[in-house]
Structures are given as structure tokens and as C-alpha cells.
Amino acid sequence: MAPDVAALVERRRASFGAGSVLFYDEPLRMVRAEGAYLHASDGRAYLDFYNNVPTVGHCHPKVVEAVRAQIGELNIHSRYLFDVSHDYAEKLLATFPPALSNVVLTCTGSESNDFALRLARKISGGEGIIVTRTAYHGNTAAVTEVSPSSYKNGAPPRHVRMVPAPDPALFGNDVAQGFADAVRAEIAALEADGIRFAGLLVDTIFSSDGVYADPPGFLKPAVEVTRAAGGLFIADEVQPGFGRTGTGMWGFSRHGVVPDIVTMGKPMGNGYPIAGVVTRPEILAAFCADFGYFNTFAGSPAACAAGLAVLEVIEEDGLIANAARVGRHLEARLKRLQARAPITAVRGAGLYIGVEFGTEKGPAPEIAKGLINGLRQHGILIGAAGRYGNVLKIRPPLCVTTGHVDMLVDALEELLT
Ligand SMILES: Cc1ncc(COP(=O)(O)O)c(C=O)c1O
């Protein structure tokens with residue numbers, strides 16, 4: 001390990017203790033970033049296929065300048081009027097179906113999901129939440145309970161029930177029906193235990209479950225089952241939101257459903273902490289009749305300036321169309337590679353693709369792990385997901401080019417064949 005890196009690892013362990021998690025056996029010390037690249041202290045530029053926070057490109061000059069200018073002029077909490085919050089809220093809400101016309105700003109995806117759980121429980125009068133088996137929705141006490149992937153020991157409490165990921169390998173050709181039946185069975189199980197159902201919470205690209213996107217529309221029957229049982233449908237857009245799927249701004253729109261509550265985070269400020277919840281006014285009003293909600297740093301002028309700049313860059317740089325075009329190229333190349341490698345599935349939408357590895361013995365997380373380390377040697381950063389950790393999660397910034405994805409697939413080809 002380079003001496004500068006070793007010294008920082010030592011300091012990190014001393015200060016941050018057991019809570020410190022670092023990527024790679026020999027961690028990378030990052031010094032700056034631009035576009036699709038991170039520059040490390042080893043003098044190399046690393047292509048960022050891990051991403052999903054600075055999705056319009058690292059240190060995008062428009063976002064940087066918007067925050068710099070705003071923070072130098074006025075940055076206060078949200079109990080005063082300031083213009084940028086209205087410009088931002090109106091532009092953001094215009095990307096949603098008309099019924100979803102109120103937004104509550106927070107600072108993190110976890111806070112958004114925490115608030116969404118409170119809304120669903122208030123409206124339904126229930127407590128029970130259904131999530132997928134390897135879901136991650138955040139880190140508050142309540143949200144950890146609905147994040148089965150966070151449990152190293154034990155399992156979520158009784159009011160949280162799990163359904164399998166919407167995997168064609170499990171449900172066959174009718175994923176929609178299979179997934180809806182699984183939700184129905186868990187609603188019945190909750191009720192048999194005397195727990196009233198409050199809602200279904202899913203990440204609409206099922207990222208931590210291993211990326212499941214197809215066929216578009218498969219969520220619809222599960223949402224109908226949820227509503228028929230008095231529950232609310234919460235769409236977690238922290239991962240697929242802001243154009244990543246290449247078909248509009250939101251993952252849920254690929255499924256032809258209008259959620260009751262939508263939660264957002266990560267890409268919303270391109271690295272500036274801004275997150276939020278969008279819902280129908282009557283849902284928010286019912287909650288606010290019982291509780292106040294104030295979040296000191298949320299919706300500050302600087303946060304709104306960052307959010308507004310991100311929306312403008314997505315439009316001006318044509319990033320949704322780019323996600324669709326580059327994503328198609330990536331998927332096609334990966335499917336060609338599949339014929340010559342131990343790849344059991346290539347799936348996803350736009351610039352969110354999962355590549356699943358397996359052998360005749362079953363899921364092969366060791367292949368995914370080997371590739372993560374091997375790609376690092378090729379100057380490419382990437383991660384894995386899925387119940388068995390055997391799905392390579394391809395999630396670059398939306399500004400990547402076909403040249404960038406060719407670099408990834410060429411490296412994969414070399415490592416795998
Ligand atoms: C789907 C999903 N929801 C919520 C969160 C929580 O967001 P945050 O880390 O901003 O609290 C994450 C974070 O990884 C996520 O992937």
C-alpha cells in the first residue's frame with residue numbers, strides 16, 4: 001500500500017473505528033473529480049461506474065456555480081420566503097403526474113423514507129410494511145426496519161414482511177402476477193397476525209435486490225393489490241430517479257402507475273445534500289393536522305439552487321436521451337458478451353444495468369468480487385448488489401459516452417474470457 005494511503009487508513013481507523021467502511025483491500029485516496037472521472041493520489045483517473053450521486057457529472061460547473069453564488073448571497077432555513085425554493089419546487093413538481101402536487105424537502109433519502117412511512121401509517125391507520133428481501137431504504141431506526149439488507153444478524157420486526165425480488169428466474173414469464181401474488185400473501189400473513197397493512201415500499205429499479213426492470217408495467221398488479229387492501233404505494237426513487245432509466249424522470253412511470261408517495265435523494269443535488277418526498281396534498285394535510293415537520297437544513301436556498309441547477313442540466317445536456325442511447329449500446333454489448341462468459345442475466349433500463357454471474361453450482365459472488373478488483377486495475381470503479389452479491393451494478397453518471405461504456409465492456413471481456 002502506498003505510504004500516503006496507509007497513513008490515511010490508519011488515521012481513519014483511529015477516528016472512525018468500526019463504523020468506517022472502505023472500498024477495496026487497498027483503498028483509493030481521491031483528490032479531485034470531473035465529469036465521469038475520479039482522480040486518485042496514485043496519479044490515475046478512474047472511470048466512475050459506481051456513481052449515483054453526482055449523476056450529471058462530477059463537479060458539474062453549473063451546479064458548483066449555482067451553490068457557490070447562492071451560499072455567498074443568502075443561505076437560511078426554510079421558514080422565510082426566498083424565491084429559489086418556489087422556482088425549484090414548481091420545476092420539480094412539473095415532472096410528476098398532476099395528482100402528486102406537494103413536495104416536502106429533506107436532506108437524505110433516509111429522512112424521506114422515514115417521513116413516507118409516517119405518512120403511509122397515518123393515512124392507512126396500519127403499521128405493516130411490505131418490502132423486497134434485499135431492499136435498502138436508509139438508516140433511521142424506522143427505515144432500517146424496512147431495509148432487510150442492513151441486517152447482518154437477525155431479521156426485520158414482525159410488522160415488516162418481505163417478498164422476493166421480481167425475478168423471472170423465480171416467477172417465470174408472468175413476473176407481474178407472481179410479484180402481486182407474493183404481496184397478497186404477505187398482506188394476508190400480516191392480517192393473520194393482527195397487524196394492519198400500511199403499504200408497499202419498493203425501489204422501482206430494485207437496485208439492492210440485483211436490478212429488476214422488466215417487463216415495464218410489472219408493478220401495476222402489486223400496486224392494485226396494495227390499494228385494494230387499504231395500503232399506500234411508496235415508490236423509492238433514490239436510485240432510478242432523475243432520468244437514470246432513460247425513459248422520463250422517474251422509475252415508476254415505466255410501470256404505468258402513479259404512486260401515493262414518492263421519495264427521492266442521492267442525485268437530486270449532484271452531491272449537495274438535498275432529498276424529498278412528493279405526495280398528494282390531502283395526504284400531507286392529514287399528516288400535518290397531527291404533527292409538525294421541520295428539517296433545519298432541508299430546502300435551504302443553497303439546497304434549492306443545487307436542485308434547480310441539476311434539473312436544468314438534465315434538460316440542457318439531454319441526459320435522459322443520453323441515458324437511453326448509451327444504455328442501449330451498453331446492454332447490447334453485454335448481451336453479446338453473455339454468450340462467452342458465466343453471465344446468467346443482463347437486465348436493467350437506461351444507465352442502470354445489472355449483470356448477474358452464476359455457474360452450474362449457483363450464484364457466483366466470487367466472480368463479481370474478482371471483477372470489482374480486476375476493473376479497478378483497469379481504472380474502472382464499480383460495485384455489486386443482489387441477495388448473493390453476484391450482480392455487477394453498472395451505474396455511471398448520465399453524461400457517459402459510448403466510448404466510456406466500451407472501455408468497461410472491453411475490460412470485462414478481457415477479465416472474463
Ligand atoms: C433505494 C435507496 N433508498 C434510500 C437510500 C438512503 O439514502 P441516504 O443514504 O441519502 O439516506 C438509499 C441509499 O443508498 C437507497 O439506495
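What you see is a predicted model; the values in this text were computed from it and never measured.

Scoring rules and cut-offs
- Residues numbered from 1 in each chain as written.
- Predicted model: local features only at pLDDT ≥ 70, side-chain atom pairs only at ≥ 80, totals over all residues.
- Heavy atoms only, no water.
- Helix = DSSP H or I, 4+ residues; strand = E, 2+ residues; numbered from the N terminus.
- Rg over C-alpha atoms; globule rule 2.2 N^0.38 Å.
- Buried < 20%, exposed > 50% of the residue type's maximum accessible area, 1.4 Å probe, protein only.
- Contact = heavy atoms within 4.5 Å.
- Lys, Arg positive; Asp, Glu negative; His and termini not counted.
- Charge placed at Lys NZ, Arg CZ, Asp CG, Glu CD.
- Expected span 1.5 Å × (residues − 1).
- Pairing = 2+ DSSP bridges.
- Axes fitted to C-alpha atoms, helices over the stretch in contact; angles between N-to-C directions.
- Salt bridge = Lys/Arg side-chain N within 4 Å of Asp/Glu carboxyl O.
- Polar contact = N/O pair within 3.5 Å; in protein donor to acceptor, adjacent residues only side chain to side chain.
- Phe/Tyr/Trp six-rings, centres within 6.5 Å; stacked < 30°, edge-to-face > 60°.
- Lys NZ or Arg CZ within 6 Å of the ring centre and 35° of its normal.

Participant: Would you explain the overall build of the chain in this entry?
Facilitator: A tally of regular secondary structure across the chain gives 13 helices and 16 strands. Relative to the 2.2 N^0.38 estimate, which gives 22 Å for 417 residues, the radius of gyration of the chain is 21 Å and therefore close to what a compact globule would have. Evaluated residue by residue, the chain yields a buried proportion of 54% over its 417 residues. A fraction of 72% describes how many contacts in the chain between residues 6 or more apart in sequence connect residues 24 or more apart. In the chain, 38 positive and 43 negative side-chain charges are present, and the distance between their average locations comes to 3 Å.

Participant: Help me understand helix α10 (residues 301-316) in this model?
Facilitator: Residues lying three or four places apart along an α-helix face the same way, a consequence of the helix completing one turn every 3.6 residues. For α10, which comprises 16 residues, the first-to-last C-alpha distance of 22 Å matches the rise-based estimate of 22 Å (1.5 Å per residue) to within 8%. Within α10, 13 of the 16 residues are buried, which leaves it mostly tucked inside the rest of the structure. Positioned one or two residues after α10, G318 has a phi angle of 60°, which is positive.

Participant: Sorry if this is basic, but what is going on with the sheet that holds strand β4 (residues 102-106) here?
Facilitator: Each strand in a sheet pairs with its neighbour through backbone hydrogen bonds, running either in the same direction (parallel) or in the opposite one (antiparallel). Spatial strand order, β4-β10-β9-β8-β7-β5-β6: 7 strands in an open sheet with mixed pairing. With one partner strand each, in any of the chains shown, β4 and β6 (160-163) form the two edges of the open sheet. Along the sheet, successive strands turn relative to each other by an average axial angle of 20°, direction set aside. Two strands pair when backbone bridges link them, and strand β5 (residues 128-132) and β6 are joined in this way by 4 bridges, in the parallel orientation. Directly across from T132, in β6, lies its bridge partner V163.

Participant: Help me understand the pattern of salt bridges, please; the structure alone is not making it clear to me.
Facilitator: Side chains bearing opposite charge may pair, as long as their charged atoms lie close to each other. Here the structure, examined in full by the defined rule, presents 19 salt bridges. Among the salt bridges present, the one from E65 reaches R68, with a minimum N-O distance of 2.8 Å. With E65 and R68 both in helix α2 (residues 61-71) and 3 residues apart, this pair spans about one turn of that helix. Between D290 and K122 there is a salt bridge, with its nearest N and O atoms 2.6 Å apart.

Participant: How should I be thinking about the side chain of S85 in this particular structure?
Facilitator: Here S85 shows up in helix α3 (residues 83-93). With relative accessibility at 18%, the residue S85 sits in the buried group. In terms of polar contacts, S85 uses its side chain to reach the side chain of H86, at 3.4 Å.

Participant: Looking at this model, I keep getting lost on the sheet that holds strand β1 (residues 30-34). Mind explaining?
Facilitator: The strand order across the open sheet built from 4 strands is β1-β2-β3-β14, with neighbouring strands paired in mixed fashion. Two strands close off the open sheet at either side, each with one partner strand: β1 and β14 (380-381). Across 4 bridges, β1 lies against strand β2 (residues 37-40) in antiparallel orientation. Bridge pairing links M30 to A40 in β2.

Participant: Any chance you could explain the packing of aromatic side chains here in plain terms?
Facilitator: Centre distance and the angle of the planes are the two values used to describe a pair of aromatic rings. Summed over all chains, the structure comprises 11 aromatic pairs. Arranged with centres 4.9 Å apart and planes meeting at 75°, the rings of F242 and W250 form a pair that is edge-to-face. Accessibility classification places F242 together with W250 in one group, the buried group. Taken together, the ring pairs in this structure connect F96, F242, W250 and F252 into an aromatic cluster. Stacked on the ring of F294, the Lys or Arg R79 has its end atom at 3.9 Å from the ring centre. If you follow R118 out to its NZ or CZ, it ends over the ring of F291, 4.9 Å from the centre.

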